[in-house]
Amino acid sequence: MPTNANIYKLGFGFIEEAYEAYFDPNYELKRIKKERINKIIHNIKHTPEWLKSITHKAQVEGIDIETALLNNAKYVINEEDKKAIK
């Protein structure tokens, strides 16, 4: 329910999402990729060794952990896609 605190996101992205679904020919591919990224990030967060490695790498590179998680998830997807093509 919209209130003063969250009125700025009225519709909670529905309009933008619906527009993309109707007019973006790559919508389904983008949606699937987002789901894959979110699943990998979830797996990273629930694998202590992997999360520790990415946290350390983020500190060394001077980036926040969320950016490091996203970068790592994209890397994993790219590697999986390369293997699938072969």
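Note that the coordinates shown come from a computational prediction; the quantities given were computed from them, not determined experimentally. (Residues numbered from 1 in each chain as written. Predicted model: local features only at pLDDT ≥ 70, side-chain atom pairs only at ≥ 80, totals over all residues. Heavy atoms only, no water.)

Q: Sorry if this is basic, but what is going on with the pattern of salt bridges here?
A: Two side chains of opposite charge can pair, provided their charged atoms sit close to one another. Counted by the stated rule, this structure contains 7 salt bridges. Residues Asp-24 and Lys-30 are paired through a salt bridge, measuring 2.7 Å at the closest nitrogen-oxygen approach. What makes Lys-30 partly exposed here is its relative accessible area of 43%. A salt bridge links Arg-36 to Asp-81; the shortest N-O distance between them is 3.2 Å. Taken together, the residues span a long stretch of sequence, with Arg-36 in helix 2 (residues 27–45) and Asp-81 in helix 4 (residues 65–85) at a distance of 45 residues. We classify Arg-36 as partly exposed; its relative accessible area is 27%. The exposure class assigned to Asp-81 is partly exposed, which follows from its relative accessible area of 31%. A single network of salt bridges, built from pairs that share partners, joins Glu-28, Arg-31 and Glu-35. (Salt bridge = Lys/Arg side-chain N within 4 Å of Asp/Glu carboxyl O. Buried < 20%, exposed > 50% of the residue type's maximum accessible area, 1.4 Å probe, protein only. Helix = DSSP H or I, 4+ residues; strand = E, 2+ residues; numbered from the N terminus.)

Q: What's the story with the nonpolar core in this structure? I'm lost.
A: Within the largest apolar cluster, 11 residues are counted, these being Ile-37, Ile-40, Ile-41, Ile-44, Ile-54, Ala-58, Ala-68, Leu-69, Ala-73, Val-76 and Ile-77. Breaking this core down by element, the ones donating at least two residues are helix 2, helix 3 (48–61) and helix 4. Broken down by element, the residue count for this core peaks at 5 residues, all from helix 4. Setting aside residues up to four positions removed in sequence, Val-76 forms contacts with Ile-40 and Trp-50. (Core = buried A, V, L, I, M, F, W, Y, C linked by side-chain atoms within 4.5 Å. Contact = heavy atoms within 4.5 Å.)

Q: What's the story with a nonpolar patch on the surface in this structure? I'm lost.
A: A surface patch of nonpolar side chains, amounting to about 470 Å² of accessible area, comprises Tyr-19, Tyr-22 and Phe-23. For Tyr-22, the location among the structural elements is in helix 1 (residues 14–23). For Tyr-22, a relative accessible area of 71% corresponds to the exposed category. (Patch = residues over 30% accessible without salt bridge, like charges linked within 9 Å, V, L, I, M, F, W, Y side chains within 5 Å. Areas by Shrake-Rupley, 256 points an atom, 1.4 Å probe, with all protein chains shown as cover.)

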